[in-house]
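Observations on the three-dimensional arrangement
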Amino acid sequence: MTTFADVRSRLARPQQRRYLPLYATLALLALMYGSGVAQYEAFSDPQVVLNVFIDNGFLLVVAVGMTFVILTGGIDLSVGAVVALTTMVSATLLQEQGWPAFTVLPLVLLIGATLGFGMGCIIHYFEIQPFIVTLAGMFLARGLCYTIGTSSITIDDPFWTRMAQSKVRFGDNFISPSVIIALVVVLVAVYVLAFTRLGRNTYAIGGNPRSAHLMGLPIARTRIAVYTISGFCSALGGVLLSFYMLSGNSLHAVGMELDAIAAVVIGGTLLTGGSGFVLGTVLGVLVLGLIQTLITFDGRLSSWWTKIVIGALLFAFILLQRLITPRKR
Amino acid sequence: MTEAILTMTGISKEFPGVKALSEVDFRLLPGEVHALMGENGAGKSTLIKVLTGVYDIDQGDIVLDGEPVRFSGPLQAQHAGVSTVYQEINLCPNLSVAENIFIGREPRFLGHIRWSTVERRARELLRRLQLDIDVSATLGTYSLAVQQMVAIARAIDISAKVLILDEPTSSLDASEVQQLFRVIRQLKEEGIAILFVTHFLDQVYEIADRITVLRNGRLVGEHRTSELTLIDLIGKMIGKELEVLERLEDRPKRLAEDAVPLVDARELGRKGAVAPFSLTIHKGEVVGLAGLLGSGRTEVARLIYGADKADHGQLTVAGRAVTMRGPRTAMANDIAFCSENRRTEGLIEELTVRENIVLAMQATRGWTRPIPRRRQDELVDKYVKALDIRPPNPDALVRNLSGGNQQKVLLARWLITEPRLLILDEPTRGIDIGAKAEIQRLVAQLSDGGMAVLFVSAELEEVLRLSHKVAVLRDRQLIAELPNDDSLDVDRVMETIASGAKP
């Protein structure tokens, strides 16, 4: 067995430019946290950070799926709508049809994965821009939500309420079960990307699809797989959101695809594909969460400032990407 | 004599309208470097593509290691032991060196990639190629030469019988080429058969044991490098076909007398395209550019026209220094350029003869001042007659014209702008002999009328027949400028190319 030495040797690689965005995000995060602690006494409570995880667990899962897609050089705009669809389908089946929770769960996950699979097939076999295919997927999923219902449906299923209300405690602090699920997703994604052929092929396609094809890598399978993964992660994110909100609503997660993309990019993944890490995405989500927390602590600024700060950060990180990637010609 | 590892016999391949290969024989011995030579369109790349299964074969047999084979694609060929490394490096620059060698074939344990094994094996493999680099570093951080060798390492690790190197040295500098050659020699020692395609003659003589020459899809011959002189090789590549061409009356091969040249390029150059050169072109003078394919002929023409930006030197037009910023500057200085690829870079096939002809003139006037229809008709009629474009119908779609007539349309387009310098890049390629003679006569007429012409052609005889002065290029350097007096003939130009008299 070699895992530990492997991990170490991979982490101990020479400092290269591909890690630069990751360090930048880490530094930014430390800076934000430091300034929070310096300004507000209550900020130093570890629960503040844990709350960021609790409030953004679903976004984290969705962003992990998005990381796979962006690593191949693609994009998935449908994730927010798939999240909403998942909450809507879950709520209807649980509340109005009276289905048991353990039938609903696999079903909604399957719906998400199937949607992703379908979009992946269209993108690959018909050679259509991912942007437009997933845009169509977004309208489709959001439209389906409204055909199910236009009003919010409250969920009072016992399993759902238990997931929403139970706390995993350690010492004085706690997290929700959703955070554990999200972290498991992160760990699995890290493993898949670093140690399996699927993961390495994902990077290869993002690096140079033509070369990847000539090297005999399974382009079709990999490309469809990443959209399926993204669809699955969106559905799982939807489930986590419905745990968090205890409701299904067609208006849930409007614009979440953009938050997910922002988190991935701030986490240092290149939009052109081929370079980036899931851990970066985790940092990206934390940055978004901390901005929100800081603005809440401040209390004077309206919550819309969150968007402004995210916008500014995105600009900064895209510029950073531009500077570190060698320009063609 | 050792048994050949690869034998191709009677290979024919036809594309619609073109016989790309006819009855070509080729063999490759283990432990030899075999150079495949030929001008553009000779069939080199078709032969490689037929061998690696990119194209089907119409006729002929391939025997690899005693077994008859026919590959359906490069992957299958690779598994059978025939790997190709192309000029463009087909690797992923964002992955590590080790990963690029092993991706898709990583040693795994229950689906878990064993990175330590991957890196250890990559290191061993590269050490075999005498390359000691950090295999965990990203490929993109290394030079092209190293990347090329990583590609070779990947190729020989997959299979190690036949290695095809298609123009591997085009983007390498001299020391990188030496590094690559060391690796090639090493592989040769190990008994791998190497097929080496290049247009650099020096390199062939440095590394190849045997040379096969193709011309126009036919086998010209297979020779030991030691038994074939450079000049013979060039002769075989170009061929001395005695074409039945209409004789041009012996024109006075005068050298221009104007003190100020129309175009004066001083130390003009562009990194990676052509080394700095100096060239003057006078009014009424035809300057020919001679050299083999890839010697930098087109690059010189493109630099003077400004289609590529020069990063060195100075261009003077009629005594005035000009910074070429692209075709518009060139047109403003009355320089016209008929490109080599008339289909992709010149003519717009969906438009009519008339529209194609007036295009450049309209562009110089600006789109706000359309040329009146009557003026258009006048001009088009004049040039359709003058150049004898057939059919003489200005409303015919250019797509439906023959190659020669398309070329004339392109010429007409530039002629109505009345340029002072006309650059013709391979104007007679792929057109029939009659049209060829007409275009040659036209060039002579134009120069008599005072127009300067820069004439680029792969056919030395044609260059000599038309030019007052011949500039000889080799390996992207202008090596000589020969006045076209009576003593100059094809042999002397070939000698100049062969001897590579560097300035």
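Conventions used here
Residues numbered from 1 in each chain as written. Chains lettered and ligands numbered in written order. Predicted model: local features only at pLDDT ≥ 70, side-chain atom pairs only at ≥ 80, totals over all residues. UniProt positions renumbered as here; feature names shortened; annotations may be inferred. Helix = DSSP H or I, 4+ residues; strand = E, 2+ residues; numbered from the N terminus. Rg over C-alpha atoms; globule rule 2.2 N^0.38 Å. Contact = placed C-beta atoms within 7 Å. Nonpolar A, V, L, I, M, F, W, Y, C, P; charged D, E, K, R; others polar. Pairing = 2+ DSSP bridges. Axes fitted to C-alpha atoms, helices over the stretch in contact; angles between N-to-C directions. Buried ≥ 20, exposed ≤ 12 C-beta atoms within 10 Å, placed from the backbone. Arc of directions from axis to C-beta. Parallel < 35°, antiparallel > 145°, perpendicular 65-115°, else oblique. Core = buried A, V, L, I, M, F, W, Y, C linked by C-beta atoms within 7 Å. Domains from an automatic or database assignment. pLDDT = per-residue confidence, 0-100. Left-handed = near helix turned anticlockwise from the far one by under 90°.

Chain A is annotated in an unreviewed UniProt entry as Galactofuranose ABC transporter, permease protein YjfF from Phytohabitans maris. The UniProt entry for chain A carries this comment under Subcellular location (unreviewed entry): "Cell membrane".

**Concerning the overall build of chain A**
In terms of regular secondary structure, chain A is built from 14 helices and four strands. Over its C-alpha trace chain A gives a radius of gyration of 20 Å, about what one expects of a compact globule, namely 20 Å for 329 residues. Long-range contacts, defined as pairs at least 24 residues apart, comprise 79% of the intrachain contacts of chain A with a sequence gap of at least 6.

**Quick look at the interface of chain A and chain B**
The interface is formed by 27 residues belonging to chain A together with 23 residues belonging to chain B. Mapped onto the side of chain A that touches chain B, the elements with two or more residues apiece are helix H1 (3–11), helix H9 (197–207) and helix H10 (209–214) of chain A. With six residues, the top contributor of residues to the side of chain A that touches chain B is H9(A). In the side of chain A that touches chain B, the residues fall into nine nonpolar, 11 polar and seven charged.

**A word on the sheet that holds strand E20 (residues 452–456) of chain B**
Residue and element names in this part refer to chain B. Overall, mixed pairing links the six strands, which are arranged E18-E19-E20-E15-E21-E22 in an open sheet. Whereas interior strands pair on both sides, the edge strands pair on one side only; in this sheet they are strand E18 (335–338) and strand E22 (477–483). Averaged over neighbouring strand pairs, the angle between their axes works out to 15° when direction is ignored. As judged from the four bridges shared by strand E15 (residues 286–290) and strand E21 (residues 469–474), these two strands associate in the parallel manner. By the bridge assignment, Ala290 is partnered in E21 with Val472. Across the sheet, helix H17 (residues 490–499) touches E15, E21 and E22, and the angle it forms with E21 is around 30°.

**As for H17(B)**
The periodicity of an α-helix, 3.6 residues per turn, causes residues three or four positions apart to be oriented the same way. Residue and element names in this part refer to chain B. Those residues of H17 lying buried are Val493, Met494, Thr496 and Ile497. The arc that holds every buried residue of H17, seen down its axis, measures 155°, which confines them to one face. Buried residues along H17 sit in contact with helix H8 (230–238), E15, helix H16 (460–466), E21 and E22.

**Description of the sheet that holds strand E9 (residues 162–166) of chain B**
Residue and element names in this part refer to chain B. Within the open sheet, the six strands sit side by side as E6-E9-E10-E3-E11-E12. Their pairing is mixed. Two strands in the sheet have a free side with no partner beyond their single neighbour: strand E6 (82–85) and strand E12 (218–224). Between one strand and the next, the sheet's axes are offset by a mean angle of 20°, whatever the strand orientation. In terms of strand pairing, E9 meets strand E10 (residues 193–197) through five bridges, oriented parallel. Residue pairing across strands places Ile164 opposite Leu195, the latter belonging to E10.

**Side note on the UniProt feature "transmembrane region" (unreviewed entry) in chain A**
Residues and elements named next belong to chain A. When the UniProt feature table is mapped to this numbering, "transmembrane region" (unreviewed entry) covers residues 20–38, 58–89, 101–125, 131–153, 174–194, 224–246, 258–291 and 303–324. Taken end to end, residues 174–194 is 86% helix and 10% strand, and its first and last C-alpha atoms sit 30 Å apart. Its end C-alpha atoms 32 Å apart, residues 224–246 is made of 96% helix and 0% strand.

**A short note on the packing of H9(A) against helix H11 (residues 219–245) of chain A**
Residue and element names in this part refer to chain A. Across the interface, H9 lies against H11 with an axial gap of 10 Å and an inter-helix angle of 100°. Relative to H11, the element H9 is oriented roughly perpendicular. Contact with H9, carried on its side by Leu198, Asn201, Thr202 and Ile205, involves Ile219, Thr222, Arg223, Ala225 and Val226 of H11 and no other residues of that element. Each residue belonging to the contact of H9 with H11 can be placed in one class, and the counts come to five nonpolar, three polar and one charged.

**Details of the nonpolar core**
Ranked by internal contacts, the top residues of the largest apolar core, which has 236 residues, are A:Val62, B:Ile423, B:Leu454 and B:Phe455. Ranked by residue count, the leading element in this core is helix H3 (residues 46–71) of chain A, at 14 residues. When residues of this core are assigned to domains, at least three fall in each of domain 1 (6–238) and domain 2 (263–499) of chain B.

**Some words on the domain arrangement of chain B**
Often, the extent of an interface is quoted as the loss of accessible area on bringing the components together. All names here are of chain B. Segmentation of chain B into domains returns domain 1 (6–238) and domain 2 (263–499). The centre of domain 1, based on its C-alpha atoms, is set 36 Å off from the matching centre of domain 2. Between domain 1 and domain 2, the residue contacts involve 11 residues of the former and 10 residues of the latter. The element contributing the most residues to the side of domain 1 that touches domain 2 is H8, with six residues. Class assignment of the residues belonging to the side of domain 1 that touches domain 2 gives a composition of six nonpolar, three polar and two charged.

**As for the pairing of strand E14 (residues 274–281) of chain B**
Alignment of strand E13 (residues 263–270) of chain B against E14(B), held across five bridges, turns out to be antiparallel. Directly across from B:Leu268, in E14(B), lies its bridge partner B:Phe277.

**Thoughts on the environment of B:Ala145**
All names here are of chain B. Among the structural elements, Ala145 can be located in helix H5 (residues 144–158). Taking C-alpha positions, Ala145 is 43 Å from Glu350, a pair spaced 205 residues apart along the chain. Discounting residues that sit within four places of it in the chain, Ala145 has contacts with Leu172, Glu176, Gln179 and Leu180.

**Observations regarding unusual backbone geometry**
All names here are of chain B. Positive phi values are uncommon outside glycine, yet Glu167 reaches one of about 50°. Mapping Glu167 onto the fold places it in the loop between E9 and helix H6 (174–189). Since 18 C-beta atoms lie within 10 Å of it, Glu167 is described here as partly exposed. The backbone of Arg476 sits at a positive phi, close to 65°, despite the residue not being glycine. Relative to the assigned elements, Arg476 resides in the loop between E21 and E22.

**Focus: the environment of B:Cys338**
Residues and elements named next belong to chain B. Structurally, Cys338 can be placed in strand E18. For the pair Cys338 and His199, spaced 139 residues apart in sequence, the C-alpha to C-alpha distance is 24 Å. Beyond its immediate chain neighbours, meaning those up to four positions away, Cys338 contacts Gly346, Leu410, Leu411, Trp414, Ile423, Leu424, Asp425 and Pro427.

**Considering the confidence of the model for chain B**
Residues and elements named next belong to chain B. Per-chain confidence: chain B averages 82 in pLDDT, with 91% of residues scoring 70 or above. Overall, residues 241–247 carries pLDDT values under 50, and its contacts beyond four positions in sequence, including any with other chains, amount to six contacts. Across the assembled chains, the prediction reports ipTM 0.82 with pTM 0.70.

**Description of the packing of H3(A) against helix H12 (residues 256–266) of chain A**
All names here are of chain A. One way to put it is that H3 packs onto H12 with a least axis distance of 9 Å and a crossing angle of 65°. The angle between the axes of H3 and H12 places the two elements in the roughly perpendicular class. H3 and H12 meet at a crossing whose hand is right-handed. Contacts between H3 and H12 involve Leu59, Val62, Ala63, Met66, Thr67 and Ile70 from the first element and Met256, Asp259, Ala260, Ile261, Ala263 and Val264 from the second. Residue composition of the contact of H3 with H12, grouped by class: 10 nonpolar, one polar and one charged.

**Here's the deal with the pairing of E9(B)**
Residues and elements named next belong to chain B. The buried fraction of E9 amounts to five of the five residues, a majority that puts the element mostly inside the structure. Residues Val162, Ile164 and Asp166 point to one face of E9 and Leu163 and Leu165 to the other, with burial holding for every one of them. In the sheet, E6 pairs with E9 via four bridges, with the strands oriented parallel. Across the sheet, the residue bridging to Val85 is Leu165, located in E9.

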